[in-house]
Amino acid sequence: MKATKQAGAIPVVTMDGAPVGIQNAATLPLDAVIGHLSTLALKLGRVIARVSVDGEPVDHFLHQPDRTGFLRLEVETVTTGALGDQVIAGARRQIRILIAEVNEAAVLVLINDWPIARSIWLNLLPAFKTPMLGLGFLKDLWGVSIDEITSGPGSFREHWEMLDGILADGERMLRGDEDTIALSQLLELRLGPWLGRNLDFLDRLHEHRPL
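## So, the nonpolar core
Logical step 1: By size, the foremost hydrophobic cluster in this structure holds 41 residues, and its most contacted members are Trp121, Leu187 and Leu191.
Logical step 2: Those elements that provide at least two residues to this core are α2 (80–111), α3 (114–124), α5 (138–142), α6 (156–174) and α7 (180–207).
Logical step 3: If sequence neighbours within four positions are ignored, Trp121 has contacts with Phe128, Ile166, Leu167, Gly170, Glu171, Leu174, Leu183, Leu186, Leu187 and Leu191.
Logical step 4: Listed in part, the 17 residues of the second largest apolar core include Met15, Leu30, Ile48 and Val75.

## Some remarks on the packing of aromatic side chains
Logical step 1: Under the defined criterion, the tally for this structure stands at four aromatic pairs.
Logical step 2: Here the aromatic rings of Phe156 and Trp160 are separated by 5.6 Å at their centres, their planes lie at 35°, and the arrangement is tilted. Placement of both Phe156 and Trp160 in helix α6 is noted, with a separation of four residues, approximately one turn of the helix.
Logical step 3: Phe156 gets classed as buried once you look at its relative accessible area, which sits at 4%.
Logical step 4: On the numbers, 5.7 Å between centres and 50° between planes, the contact of Trp160 with Trp194 is tilted. Placement of the pair is Trp160 in helix α6 and Trp194 in helix α7, with a sequence separation of 34 residues.
Logical step 5: When its relative accessible area of 3% is taken as the criterion, Trp194 is described as buried.

## So, the packing of α2 against α3
When two helices pack together, their arrangement is captured by the angle between the axes and the distance separating the axes.
Logical step 1: Axis separation between α2 and α3 bottoms out at 9 Å; the angle between their running directions is 165°. In terms of orientation, α2 and α3 fall into the roughly antiparallel class. Our pair here, α2 against α3, has a crossing hand that is left-handed. Here Glu101, Val102, Ala105, Leu108 and Val109 of α2 come into contact with α3, specifically with Ala117, Ile120 and Leu124.
Logical step 2: Looking at the contact of α2 with α3, its residues break down into seven nonpolar, no polar and one charged.

## Considering a nonpolar patch on the surface
Logical step 1: Together, Val107, Leu108, Leu110, Ile111 and Ile181 make up an exposed nonpolar region whose accessible area comes to about 450 Å².
Logical step 2: With four residues, the single largest contributor to the nonpolar patch is α2.
Logical step 3: Among the secondary structure elements, Leu110 is positioned in helix α2.
Logical step 4: Exposure remark for Leu110: the relative accessible area of 45% places this residue in the partly exposed category.

## Things to note about the packing of α2 against α7
Logical step 1: For the pair α2 and α7, interaxial distance at closest approach is 9 Å and the crossing angle is 165°. By the angle between their directions, the pair α2 and α7 is classed as roughly antiparallel. For the pair α2 and α7, the crossing hand works out as left-handed.
Logical step 2: The residue makeup of the contact of α2 with α7, split by class, is 18 nonpolar, six polar and five charged.

## Thoughts on the environment of Arg72
Logical step 1: Tracing the backbone through its elements, the reader meets Arg72 in strand β5 (residues 72–79).
Logical step 2: The class for Arg72 is partly exposed, based on a relative accessible area of 35%.
Logical step 3: In the structure, Arg72 is positioned 81 residues away from Pro153 in sequence and 53 Å away in space, judged by C-alpha atoms.
Logical step 4: Contacts of Arg72, omitting those with residues within four sequence positions, involve Val12, Thr14, Ser52, Val53 and Asp54.
Logical step 5: At a separation of 3.3 Å, a polar atom in the side chain of Arg72 contacts the side chain of Glu74.

## A short note on the pairing of strand β1 (residues 12–15)
Consecutive side chains along a regular strand alternate between the two faces of the sheet.
Logical step 1: In this sheet, β5 lies alongside β1 in parallel orientation, the contact comprising four bridges. Of the residues in β5, the one forming a bridge with Met15 is Val75.
Logical step 2: Here β1 folds back onto strand β2 (residues 18–19) in antiparallel fashion, the turn holding two residues, of which Asp16 has a positive phi close to 55°.

Thresholds applied
- Residues numbered from 1 in each chain as written.
- Predicted model: local features only at pLDDT ≥ 70, side-chain atom pairs only at ≥ 80, totals over all residues.
- Heavy atoms only, no water.
- Core = buried A, V, L, I, M, F, W, Y, C linked by side-chain atoms within 4.5 Å.
- Buried < 20%, exposed > 50% of the residue type's maximum accessible area, 1.4 Å probe, protein only.
- Helix = DSSP H or I, 4+ residues; strand = E, 2+ residues; numbered from the N terminus.
- Contact = heavy atoms within 4.5 Å.
- Phe/Tyr/Trp six-rings, centres within 6.5 Å; stacked < 30°, edge-to-face > 60°.
- Axes fitted to C-alpha atoms, helices over the stretch in contact; angles between N-to-C directions.
- Parallel < 35°, antiparallel > 145°, perpendicular 65-115°, else oblique.
- Left-handed = near helix turned anticlockwise from the far one by under 90°.
- Nonpolar A, V, L, I, M, F, W, Y, C, P; charged D, E, K, R; others polar.
- Patch = residues over 30% accessible without salt bridge, like charges linked within 9 Å, V, L, I, M, F, W, Y side chains within 5 Å.
- Areas by Shrake-Rupley, 256 points an atom, 1.4 Å probe, with all protein chains shown as cover.
- Salt bridge = Lys/Arg side-chain N within 4 Å of Asp/Glu carboxyl O.
- Polar contact = N/O pair within 3.5 Å; in protein donor to acceptor, adjacent residues only side chain to side chain.
- Pairing = 2+ DSSP bridges.

What is shown is where atoms sit, not what they do.
What follows is the structure, encoded as structure tokens:
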């Protein structure tokens, strides 16, 4: 049941089920209270995963600058290792989906006319970089930057820079001879394997997680 606010009521603050005393919690902005809990969690090697205010989940719990007044604030935390695991698992899922989409696109480009092939390529572009962009904060979380991870012949930074060459070649093809075979090969033989190598780097990054 959703809590009903009462004048003068003392708010209850809990973290992982344990009560936490915060002076003036009733009048502090919500983001200040959550910020205090976040600092406390970090001292314990944990980070905030979920926040509930008066029985309602708060999705953007670090961006509530104007909100004050609550009866019950419940915070759940996870270890920094567990949070990083979730982020890496999410990136893996996105990459596997992209690999399947690129493989399908390579076939569709080959069997369709150039205008359709061109649109297939352009529709894929926004998704290429997305899975790996959210990993930057792991340097703060784990003390390890994915840019510094090596797998096989080089570093992730070097591998990432290869994407610019693939995309540039794709752009040249769009301005060229409308060669669906060449565009299909670019997808199948270069972009697909490039995406697959990201999985190797994620595996290496996971090996560096804190115990």
